[in-house]
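# Coordinates in review
Spelled out from the first residue to the last, the chains are:
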Amino acid sequence: MCGIVGYTGTQQATPILLDGLNRLEYRGYDSSGIAIVNDKEIEIMKIKGRLRELERITEGVSPIGTTGIGHTRWATHGGPSNENAHPHYSRDKSFAVVHNGIIENYLEMRDFLSERGFSFRSETDTEIVAMLLEYYYEGDVLDAIIKMRNKIKGSYALGIVHRGESDAIYALRKDSPLVIGLGEGENFIASDIPAALPYTRKFIIPDENEIALITPDNVTIYNRNKEQIQKPVTISDLSVADAEKDGFPHFMLKEIHEQSGAIRKTVHDRITPDGIRLDRIKLDGSKIRKIFVVACGSAYHAGVVGKYFIEKYARLEVETDLASEFRYRDPIVGPDCLTIIISQSGETADSLAALREAKRRGSRVLAIVNVVDSSIAREADDVLYTRAGLEIAVATTKGYTTQVAALCLLGLKLARDRETITQELYDELLYELKQTPETLARFIDDVSNVAQHLAGKYYTASDAYFIGRGYDWAAALEGALKLKEISYIHAEAYAAGELKHGTISLIEKNSLVIGIATEPTLLEKTLSNIKEVRSRGAAVIGITDAPDSIGAECDDLIVLPSGNSAFSSLFTAAALQLFAYYIAAARGGDIDKPRNLAKSVTVE
Ligand code: F6R
């Protein structure tokens, strides 16, 4: 979703803002702009399209000033256009504003302002923020911000500059991410830490209802009563290199190859000679009646693997829910439940709302999150960090597989605590999980050529059907999502047993079917489904650790190392990520930033 940057210091602001916006590109956007404030005026330059357009129009004529705010916009209210691009001026151009989020009562506010003589230059919800600031301004910007904030409803991260204050940025947030970077004689605001990483690793994360006043030498945070408060400074362990491609053509490919290291970090030091240690997580498996696993997109697919795993080994009922459904469906969740919220970014609006709903109903909430100190991590009762590191490609890869690994770890911990598996099986599974990163690294190296070869063969397909049962169905869901989001090929996943209930009517000569079969007890069943589609002319790619059983019925095969099926879904995921990646590459898509998508979905 939208990206915000801000700089105040001694250097010219424009190049720093453009650099920061480039580092936030992965969040997804369709227009961009900057506002530079100097003693006399605020100058805005903005344009629809990629950042190179903004670089083009600012080259040689960029506004002079050492304080400014910048923005990449992902359209919500009003299509992508120069007028709707941020920043937005107030009526008399005394304020300029950048915004990430949605002002839900903006129509009401438009009427309120129109009745008071204001007119608008854009179709956006954001413009009302700038206008309200002008309307309420009586000599003190903080007071105007507080009055504006009391008037608006919705989610926002806001960066504000005011004419005449050539060394000040104001910032505030609610349900949208925003960090403040602390430099030497210069300070920053940004939607995400990577935007400011070349300049600092020290950050303050403002909470809701706080307002930050940022000048080159100071960051002052005010609480809701306009009292100054002290905030802790966080030192990020990310480096600039984490945000670079390191010789890979795309971040997605780099991140696919980083998976084994990421999973190692997720599991290794949590598996000790005495068993699983999840520090600071309060889990009493004996008191939990039911688990809800709630998430969106790929994180939800990881949750489906978790459901099968936890139910199998910990014998606890697990319900998986899409966060956008959970939050509105009156779920029967309460103090006897554990709600697990899974999120790579920790900022997904629906997942955050689901977390709050679960807590409101008395459930303890455990977050499985990658981004440290993100909103979901901060609001959950307990956090199990996935330690995947920075993920930049919009399509998640290591974010997803580390979620699966974390869920397996959690499932085994619950199983042991509840004594639902033998010590022997527990040790065996832990040993296998611990070996997984190494085997996965070798597998990724080996399977890359196979995936590339198959992509060359199938990249012109118009549809693809992914089928499997149990863990393999969960893997199919993720495989189909990966393929469609980056290659734009229509892809669907079906529980293999469901095919006959309608979908098989779509199968015809040369339909592409990816049949996943790793569960020993379900192999025969999935094999029957593969035979059914093949006899109707489909081309089948089989993914299995039992090539002797299903190989004869497949046109092509991806062979996985043998092992527990839950862990096999990590290998299936990697193979399907590579397959999707090479298909997208063959079709010439914008792999790291697929159309219409955003990395962090901070609006519902
Ligand atoms: C797909 C993808 C998305 C995310 C989803 C949830 O490749 O990345 O489906 O999984 O938007 O995001 P997080 O995990 O950040 O809550």
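Higher on the page you've got the structure.
A short tour of the structure in this document, coming up. (Residues numbered from 1 in each chain as written. Predicted model: local features only at pLDDT ≥ 70, side-chain atom pairs only at ≥ 80, totals over all residues. Heavy atoms only, no water.)

## Brief notes about the packing of helix H13 (residues 423-458) against helix H17 (residues 565-587)
Where H13 meets H17, the closest approach of the two axes is 7 Å, and the angle between their N-to-C directions is 25°. With respect to H17, the element H13 is oriented roughly parallel. Where H13 crosses over H17, the two elements pack in a sense that is right-handed. Along the lines of polarity and charge, the residues of the contact of H13 with H17 split into 19 nonpolar, four polar and one charged. (Axes fitted to C-alpha atoms, helices over the stretch in contact; angles between N-to-C directions. Helix = DSSP H or I, 4+ residues; strand = E, 2+ residues; numbered from the N terminus. Parallel < 35°, antiparallel > 145°, perpendicular 65-115°, else oblique. Left-handed = near helix turned anticlockwise from the far one by under 90°. Nonpolar A, V, L, I, M, F, W, Y, C, P; charged D, E, K, R; others polar.)

## Topic: the pattern of salt bridges
Tallied over the entire structure, the rule returns 43 salt bridges. With a closest N to O distance of 2.7 Å, glutamate 258 and lysine 398 form a salt bridge. You can see glutamate 258 sitting in the loop between helix H6 (251-257) and helix H7 (259-267) and its partner lysine 398 sitting in helix H12 (residues 398-417), a full 140 residues away along the chain. We classify lysine 398 as buried; its relative accessible area is 3%. Residue arginine 387 pairs with aspartate 269 through a salt bridge whose shortest N-O separation is 2.8 Å. Highlighted residues: arginine 387 in the loop between strand E22 (382-385) and H12 and aspartate 269 in the loop between H7 and strand E16 (271-272), separated in sequence by 118 residues. Overall, the relative accessible area of 53% leaves aspartate 269 in the exposed class. Among the ionic contacts, a cluster of salt bridges with common partners joins Lys174, Asp175, Glu208, Arg356 and Glu379. (Salt bridge = Lys/Arg side-chain N within 4 Å of Asp/Glu carboxyl O. Buried < 20%, exposed > 50% of the residue type's maximum accessible area, 1.4 Å probe, protein only.)

## Brief notes about the site of the ligand
Around the ligand, 15 residues are found, and the nearest of them are Ser343, Gln344, Ser345, Thr348 and Glu485. One nitrogen or oxygen atom from the side chain of serine 343 is found 2.6 Å from an oxygen atom belonging to the ligand. In the model, an oxygen atom of the ligand is placed 2.9 Å from a nitrogen or oxygen of the lysine 482 side chain. In the complex, the protein chains occlude 89% of the 410 Å² of accessible area that the ligand would expose alone. For the shell around the ligand, a count of residues per class yields five nonpolar, eight polar and two charged. (Near = heavy atom within 4 Å. Polar contact = N/O pair within 3.5 Å; in protein donor to acceptor, adjacent residues only side chain to side chain. Areas by Shrake-Rupley, 256 points an atom, 1.4 Å probe, with all protein chains shown as cover.)

## Some remarks on the sheet that holds strand E20 (residues 337-343)
In space, the five strands of this open sheet follow the order E19-E18-E20-E21-E22, with parallel pairing throughout. Single-partner strands in this sheet number two, and they are strand E19 (317-322) and E22. Recorded for the sheet is a direction-independent mean angle of 20° between the axes of neighbouring strands. Two strands pair when backbone bridges link them, and strand E18 (residues 290-295) and E20 are joined in this way by five bridges, in the parallel orientation. In the sheet register, phenylalanine 292 faces E20, and the bridge partner there is threonine 339. Strand contacts of helix H8 (residues 297-314): E18, E19 and E20, with the helix running at about 170° to E19, the strand carrying the most contacts. Sitting on the sheet, helix H10 (residues 349-360) touches E18, E20 and strand E21 (364-369), and the angle it makes with E20 is about 165°. (Pairing = 2+ DSSP bridges. Contact = heavy atoms within 4.5 Å.)

## Observations concerning the packing of aromatic side chains
A full pass over the atoms with the stated rule returns 12 aromatic pairs. When the ring of phenylalanine 188 is compared with that of tyrosine 199, the centres are 5.0 Å apart and the planes differ by 20°; the resulting orientation is stacked. Pair noted here: phenylalanine 188 is in strand E10 (residues 187-190) and tyrosine 199 is in the loop between E10 and strand E11 (202-204), with a separation of 11 residues, a long-range link. Taking the relative accessible area as the measure of exposure, phenylalanine 188 reaches 3% and is therefore buried. Ring pairs connect the aromatic residues Phe112, Phe118, Tyr135 and Tyr136, which therefore count as one cluster. In this arrangement the basic side chain of lysine 151 is found over the ring face of phenylalanine 112, its NZ or CZ atom lying 4.3 Å from the centre. (Phe/Tyr/Trp six-rings, centres within 6.5 Å; stacked < 30°, edge-to-face > 60°. Lys NZ or Arg CZ within 6 Å of the ring centre and 35° of its normal.)

## Focus on the nonpolar core
Membership of the largest hydrophobic core comes to 125 residues, with the highest contact counts inside it found for Ile291, Ile340, Leu412, Leu414, Phe466, Ile514 and Ile558. Here isoleucine 558 is in contact with Phe443, Val447, Val450, Leu454, Ile541, Gly542, Ile543, Thr544 and Ala575, once residues within four sequence places are set aside. If you look at the next biggest cluster of nonpolar residues, it comprises 31 residues, including Tyr106, Phe112, Leu132 and Leu142. (Core = buried A, V, L, I, M, F, W, Y, C linked by side-chain atoms within 4.5 Å.)

## So, H10
Given a rise of 1.5 Å per residue, 12 residues ought to cover 16 Å, and the 16 Å separating the end C-alpha atoms of H10 matches this to within 8%. Across the 12 residues that make up H10, a large majority, nine, are buried. The set of residues buried in H10 consists of Ala349, Asp350, Ser351, Leu352, Ala353, Ala354, Leu355, Glu357 and Ala358. The secondary structure elements touched by the buried residues of H10 are E18, helix H9 (323-326), E20, E21 and helix H11 (375-379). (Expected span 1.5 Å × (residues − 1).)

## Considering the pairing of strand E3 (residues 42-48)
By the bridge criterion, seven bridges tie strand E2 (residues 31-37) to E3 in an arrangement that is antiparallel. Across the sheet, residue serine 32 finds its bridge partner in E3, namely isoleucine 47. Linkage of E2 to E3, two consecutive antiparallel strands, is achieved through a turn of four residues.

## Thoughts on the environment of threonine 572
With respect to the secondary-structure elements, threonine 572 resides in helix H17. Assessed through its relative accessible area of 1%, threonine 572 is described here as buried. Once the C-alpha coordinates of threonine 572 and glutamate 478 are considered, the two residues, 94 residues apart in sequence, prove to be 9.5 Å apart. Threonine 572 has contacts with Ala475, Ile516, Thr518, Ile543 and Leu560, leaving out every residue within four places of it along the chain.

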